[in-house]
Amino acid sequence: QVQLVESGGGLVQTGGSLRLSCAASGRTFSSYAVGWFRQAPGKEREFVAAISGSGGSTAYADSVKGRFTVSRDNAKNTVYLQMNSLKPEDTAVYYCTLDRSFGTIIQGRGAYWGKGTLVTVSS
């Protein structure tokens, strides 16, 4: 089965930047859309961003538009989430998810999920 491994989380101050990576196994990575979700302490999981298999389409939550950018390098089987102008409310465990359907990713029903990486933004 497909395995996803997130990395790049850590501690950063308000206004700082961080880049998360999601590395995937498999020979057909470019056939899959990839999404990012996050879950803060005491809150439900929420959609952050998504990108289509070719990288031609992206989607962002209103809360991160203009600050976060999702991209992918299919040659490296990796998707990135560049996070700028970070705020304390961005503190959460960030998960990547994989599915052949872009819409299914956005709905939070991706077929595969990573174990997450923790992002902490201090004030």
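Our subject is the structure listed above.
The structure displayed is predicted, hence computed values, not measured ones.

## Focus on the overall build of the protein chain
- From N to C terminus, the protein chain includes 1 helix and 11 strands.
- Along the chain direction, N to C, the helices and strands of the protein chain fall in the order β-β-β-β-β-β-β-β-β-α-β-β.
- In terms of C-alpha radius of gyration, the protein chain reaches 13 Å, essentially the compact-globule figure of 14 Å for 123 residues.
- Along the first, second and third principal axes, the C-alpha atoms of the protein chain reach 40 × 25 × 25 Å.
- Every one of the 123 residues in the protein chain was classed for burial, and the buried ones make up 46%.
- Across the protein chain, every contact between residues at least 6 apart in sequence was considered, and the portion connecting residues at least 24 apart equals 58%.
- Of the roughly 6,300 Å² of accessible surface on the protein chain, 46% is carried by carbon and sulfur atoms.
- Taken as two groups, the 13 positive and 8 negative side-chain charges of the protein chain have centres that lie 6 Å from each other.

## Some words on the pairing of strand β9 (residues 92–99)
- Counted residue by residue, β9 has 6 buried out of 8 residues, so it is predominantly covered.
- Summarising the sheet, strand β4 (residues 33–39) and β9 pair through 7 bridges and their orientation is antiparallel. Bridged to valine 34 within β9 is leucine 98.
- Two elements, β9 and strand β11 (residues 117–122), share 3 bridges in a ladder whose sense is antiparallel. Bridged to alanine 92 within β11 is valine 119.

## What about unusual backbone geometry?
- The phi dihedral of asparagine 77 falls on the positive side, at around 50°, and the residue is not glycine.
- Looking at where asparagine 77 falls in the secondary structure, it is placed in the loop between β7 (68–73) and β8 (78–83).

## Details of the pattern of salt bridges
- Counted under the stated rule, the structure contains 4 salt bridges.
- Lysine 65 is the salt-bridge partner of aspartate 62, the closest N and O atoms lying 3.1 Å from each other.
- Here arginine 67 and aspartate 90 are joined by a salt bridge, their closest N and O atoms 2.8 Å apart. Remark: aspartate 90 occurs in the loop between β8 and β9 and arginine 67 occurs in the loop between β6 (58–60) and β7; sequence separation between them is 23 residues.
- Overall, the relative accessible area of 10% leaves arginine 67 in the buried class.
- Connected through shared salt-bridge partners, Arg38, Glu46, Arg67 and Asp90 make up one network.

## Some words on the sheet that holds β7
- One open sheet accounts for 4 strands, arranged β1-β3-β8-β7; its pairing is antiparallel. Each of the sheet's edge strands pairs with one partner strand only, and the pair in question is β1 (4–7) and β7. Within the sheet, the average angular offset between the axes of one strand and its neighbour, ignoring direction, is 15°.

About the criteria used
- Starting afresh in each chain, residues are numbered from 1 along the sequence in its written order.
- Given that this is a predicted model, residues contribute local features only at a pLDDT of at least 70 and side-chain atom pairs are listed and counted only at 80 or more, while totals for whole chains, interfaces and linings are drawn from all residues.
- Side-chain figures throughout are based on the complete set of non-hydrogen atoms in the structure, without hydrogens or water.
- Numbering of helices and strands runs from the N terminus, with a helix taken as a DSSP run of H or I at least four residues long and a strand as a DSSP run of E at least two residues long.
- Computation of the radius of gyration draws on C-alpha atoms, with the globule rule given as 2.2 Å multiplied by the number of residues to the power 0.38.
- Relative accessible area decides the class of each residue, using a 1.4 Å probe on protein chains only: under 20% of the type maximum gives buried, over 50% gives exposed, and in between gives partly exposed.
- By definition in these notes, contact holds between two residues if any of their heavy atoms fall within 4.5 Å.
- Each accessible area is a Shrake-Rupley estimate made with a 1.4 Å probe; only the visible protein chains count as cover when residues are assessed.
- Charged-residue counts in this description rest on Lys and Arg as positive and Asp and Glu as negative, His and the chain ends being excluded.
- All charge positions are set by atom: Lys at NZ, Arg at CZ, Asp at CG, Glu at CD.
- At least two bridges found by DSSP between two strands is the condition for calling them paired.
- Whenever Lys or Arg places a side-chain nitrogen within 4 Å of a carboxyl oxygen from Asp or Glu, that contact is recorded as a salt bridge.
- An axis is simply a line fitted to the C-alpha atoms; with a helix, the fit covers only the stretch in contact. Between two such axes, the angle follows the N-to-C directions and lies from 0 to 180 degrees.

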